[in-house]
Amino acid sequence: MPADQRPVTFPSELISLLRGTLPHSGTLRHHSAQALKLVALTGAGVSQESGLRTFRDAQVGLWAQYKPEDLASPQAFRRDPKLIWDWYAWRREAVKAVRPNAGHYALADLEKRVSEFTLVTQNVDGLHRMAGSNNVLELHGNIQRVRCSECYTFAETWDDDAGSVPLCKLCGGLLRPDVVWFGEALPREQLEAAVEAARTCDVFFSIGTSGVVQPAASLAHAARNRGAVVVEINAEPTPLTPKANYAFHGKSGEILPELVKAVWNL
Ligand code: OAD
């Protein structure tokens with residue numbers, strides 16, 4: 001059997017910790033599964049098995065000539081709003097065509113099994129909610145929402161075939177996707193809630209993210225510095241790997257369901 005198809009073995013301490021039968025020695029915050037606080041930070045890798053390319057692999061065909069920064073920044077939008085609108089319209093259609101995968105469903109399942117679970121995502125595809133996750137913080141916005149670039153009013157409908165960027169019905173400003181671009185601030189409430197969750201959790205999962213984009217990447221370190229156990233699940237090693245207590249390399253759509261099964265005997 002090839003190495004990448006071997007079933008993952010989870011250390012018994014991790015299983016006991018997630019079951020709530022092993023108080024975490026770093027913090028002793030919880031004494032049972034009912035009181036266990038988990039945070040999961042997810043990135044584009046989690047949606048890869050749904051058929052969505054990861055952020056840094058997304059540019060194909062017509063879009064291959066651009067760097068992410070050339071398509072996802074306020075400067076790029078000012079320079080060529082139609083190009084950026086078309087790129088997001090293309091991505092919006094790609095997202096509409098896909099469904100959550102086993103990894104999304106395993107995270108929704110996890111949320112039901114522990115007392116506090118916060119899912120912090122950098123993904124803008126909305127697949128976590130579609131899979132049934134409730135406590136989701138979307139740090140980079142949501143690609144299905146469209147808002148005015150001037151007055152911030154959300155648009156319910158717009159004409160994608162007008163040949164130019166649709167305009168806000170209220171102020172006439174250009175419409176844009178409600179996602180965070182390079183150089184823009186993250187939504188404050190979502191970020192503050194994510195930092196607080198990371199600083200007070202018992203176990204922090206970092207899943208399918210390259211861990212190179214701040215401030216999301218710093219959440220794992222904030223959790224670690226406060227005594228949480230850090231678990232990484234990624235297709236390959238990342239800058240976080242040497243700092244993680246446990247690192248599992250493989251597909252999140254396979255590892256996460258296996259983990260839920262191993263912990264709760266499903
Ligand atoms: P990246 O594209 O940087 O990284 C995706 C990560 O997922 C990589 O580390 C892969 O090894 C891993 N991966 C790929 N397939 C996987 C699978 N099936 N299972 C597990 N892991 C897998 O995406 P992000 O880290 O999400 O921000 O990128 C973070 C942010 O960078 C994006 O939200 C975007 C970009 O700048 C903004 O647009 C503001």
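In this text the structure is predicted, and so the values were computed from the model without any measurement. (Residues numbered from 1 in each chain as written. Predicted model: local features only at pLDDT ≥ 70, side-chain atom pairs only at ≥ 80, totals over all residues. Heavy atoms only, no water.)

**Some thoughts on the overall build of the protein chain**
Helix and strand content of the protein chain: 10 helices and nine strands. By the burial criterion, 49% of the 266 residues in the protein chain qualify as buried. Contacts spanning at least 24 positions in sequence make up 65% of the contacts within the protein chain whose residues lie at least 6 apart. Of the roughly 13000 Å² of accessible surface on the protein chain, 51% is carried by carbon and sulfur atoms. (Helix = DSSP H or I, 4+ residues; strand = E, 2+ residues; numbered from the N terminus. Buried < 20%, exposed > 50% of the residue type's maximum accessible area, 1.4 Å probe, protein only. Contact = heavy atoms within 4.5 Å. Areas by Shrake-Rupley, 256 points an atom, 1.4 Å probe, with all protein chains shown as cover.)

**What to know about the packing of aromatic side chains**
Remark: the centre distance and the inter-plane angle together describe each pair of aromatic rings, the angle taken between the planes. Tallied over the entire structure, the rule returns seven aromatic pairs. Here Trp-87 and Tyr-88 contribute two aromatic rings whose centre-to-centre distance is 6.1 Å and whose plane-to-plane angle is 70°, an arrangement assigned as edge-to-face. Overall, the relative accessible area of 3% leaves Tyr-88 in the buried class. Taken together, a centroid distance of 5.8 Å and an interplanar angle of 20° make the contact between Trp-87 and Trp-90 stacked. (Phe/Tyr/Trp six-rings, centres within 6.5 Å; stacked < 30°, edge-to-face > 60°.)

**Points about the sheet that holds strand β4 (residues 141-148)**
Strand order in this open sheet of three strands is β5-β4-β6, and the pairing throughout is antiparallel. Edge positions in the sheet fall to β5 (154-155) and β6 (175-179), since each of these pairs with one other strand and no more. Sheet topology places β4 next to β6; five bridges connect them, and they run antiparallel. The residue of β6 that forms the bridge with Asn-142 is Asp-178. In this fold helix α5 (residues 81-96) packs onto β4 and β6, with an angle of close to 140° to the strand it touches most, β4. (Pairing = 2+ DSSP bridges. Axes fitted to C-alpha atoms, helices over the stretch in contact; angles between N-to-C directions.)

**Digging into the packing of helix α6 (residues 102-113) against helix α10 (residues 252-264)**
Put simply, α6 and α10 touch, their axes get as near as 7 Å, and they point 30° apart. The pairing of α6 with α10 is recorded here as roughly parallel in orientation. Relative to α10, the crossing made by α6 is left-handed. Two secondary-structure elements touch here, α6 through Ala-102, Gly-103, Ala-106, Leu-107, Asp-109, Leu-110 and Arg-113 and α10 through Ser-252, Gly-253, Leu-256, Pro-257, Val-260 and Trp-264. (Parallel < 35°, antiparallel > 145°, perpendicular 65-115°, else oblique. Left-handed = near helix turned anticlockwise from the far one by under 90°.)

**Observations concerning unusual backbone geometry**
The step from Gln-214 to Pro-215 runs through a cis peptide bond, and the omega angle for that step is 5°. Relative to the helices and strands, Pro-215 is located in the loop between β7 (203-207) and α9 (218-225). A positive phi angle, close to 75°, is found at Tyr-152, a residue other than glycine. By the secondary structure assignment, Tyr-152 is in the loop between β4 and β5. We classify Tyr-152 as partly exposed; its relative accessible area is 47%.

**A word on the environment of Val-39**
Among the structural elements, Val-39 can be located in strand β1 (residues 37-42). When the C-alpha positions of Val-39 and Val-203 are compared, they lie 6.5 Å apart, and in sequence the two are 164 residues distant. In this view, Val-39 contacts Thr-118, Val-120, Ala-197, Ala-198, Cys-201, Val-203, Phe-204 and Phe-205; residues no more than four positions away in its chain are not counted.

**What about the nonpolar core?**
Leu-18, Leu-38 and Phe-205 are the most contacted members of the largest nonpolar core, which has 30 residues in total. Elements represented by at least two residues in this core include exactly α1 (12-19), β1, α6, β2 (116-121), β7, β8 (229-234), β9 (246-249) and α10. If you tally residues by element for this core, the top one is α10, at six residues. Counting residues in each nonpolar core, the second largest holds 19 residues, with Cys-201, Ala-216, Ala-220 and Ala-244 among its members. (Core = buried A, V, L, I, M, F, W, Y, C linked by side-chain atoms within 4.5 Å.)

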